[in-house]
Amino acid sequence: MAEPQGQPANYLARISEWADSHLTVLRNISTGMAIAGIILFAKSIKLTTKFTSALDIPVEFIEKNVKLRGRLCHVTEKGLEVEHVPISLPFLSSLQRKWQSNGVLLVRLAGVELTPNAMVWLQEELKPAQMMWFQLLGREDLVLDCLILVNKGRFFSVCLNEEILRQGLGKTTRIEGLHHDSPLYWKLHKRLLQAELKALKKNKGIWKEESYFEKLRDHISNNKFVQKLKQFANWLRIHI
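S.K.: In this structure, what is going on with the packing of aromatic side chains? I would like to understand it.
M.R.: As enumerated under the stated definition, the model contains two aromatic pairs in all. Both rings, one in Phe51 and one in Phe61, keep their centres 5.9 Å apart while their planes meet at 90°; by these two values the pair is edge-to-face. Here Phe51, found in the loop between α2 (23–44) and α3 (59–63), pairs with Phe61, found in helix α3; they are 10 residues apart in sequence, far enough to count as distant. Each member of the pair, Phe51 as well as Phe61, carries the same accessibility label: buried. Seen in terms of ring centroids, Tyr185 and Trp186 are 5.3 Å apart; in terms of plane orientation they differ by 80°. Their pairing is edge-to-face. Looking at Trp186, the relative accessible area reads 42%, which means it is partly exposed.

Okay, structure coming up:
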């Protein structure tokens, strides 16, 4: 009668011994399943997807104003060409690079009308391959309207949309992509107006007032009598 009672204990002992001897295998299996789960979850919500076209970005990302990370490629008249840099998973970055395709996103500074000098300023201030964050606000065909953030030093970041206005290199415009009556629209629009006001108070960029002599010179050159004198002088030069 003693043997049957001891059989379950023997089975448990054998199972325990087998588990101990194969502990590494079990750990590897559980780790592999966890990693696979993380990969599937990340891919399902497109965290690890590299976007190479504005049309590839899910509507939910734009509606929720998601921030994406990118690397600057070129500054153009239409906007910034940025290579999207998705979230990389530990131990799988090399595999991710194999899955990713090439291409750039065209990013426009939302709520800002740029001057020609603004393009020059951006080309001077931004470094090639500089990392930046761009918050999605709207999409128009292949162009993304965004707030663009770049790091300045170790602990500070600057919003390019606001900095352009603070330098007097642009004017505030409607923020495309956001509903005009939404709280976010007015929060961002207020920030942009405050940045523009700083340039206006400091007479920077397009808000710089002409000096008295510059105004006098323009007034004289635009005077009709002076213009007729110039025309008469040119006529004499040609016919004499």
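Moving on, there is more to tell.
S.K.: When you look at the pattern of salt bridges in this model, what are you seeing that I'm missing?
M.R.: Opposite charge on two side chains lets them pair, provided their charged atoms get close. The full count for this structure, using the stated rule, is eight salt bridges. In the salt-bridge network here, residues are joined through shared partners; they are Glu162, Glu163, Arg166 and Arg191.

S.K.: What exactly am I supposed to notice about the pairing of strand β3 (residues 105–109) here?
M.R.: Two faces belong to every sheet, and in a regular strand the side chains alternate between them. Here β3 lies mainly inside the structure; four of its five residues are buried. Bridge count for strand β2 (residues 80–84) against β3 is three bridges, and the pairing is antiparallel. Counted as the bridge partner of Val82 is Leu105 from β3. Two elements, β3 and strand β6 (residues 143–152), share four bridges in a ladder whose sense is parallel. Considered in β6, the bridge of Leu109 is made with Cys146.

S.K.: Would you mind going over the environment of Val66 with me for this structure?
M.R.: Tracing the backbone shows Val66 in the loop between α3 and β1 (67–75). Val66 sits in the partly exposed class, given a relative accessible area of 25%. For the pair Val66 and Leu137, spaced 71 residues apart in the sequence, the C-alpha separation amounts to 8.3 Å. Other than its neighbours up to four places away in sequence, Val66 contacts Phe61, Phe134, Gln135 and Leu136.

What counts and what doesn't
Residues numbered from 1 in each chain as written. Predicted model: local features only at pLDDT ≥ 70, side-chain atom pairs only at ≥ 80, totals over all residues. Heavy atoms only, no water. Phe/Tyr/Trp six-rings, centres within 6.5 Å; stacked < 30°, edge-to-face > 60°. Helix = DSSP H or I, 4+ residues; strand = E, 2+ residues; numbered from the N terminus. Buried < 20%, exposed > 50% of the residue type's maximum accessible area, 1.4 Å probe, protein only. Salt bridge = Lys/Arg side-chain N within 4 Å of Asp/Glu carboxyl O. Pairing = 2+ DSSP bridges. Contact = heavy atoms within 4.5 Å.

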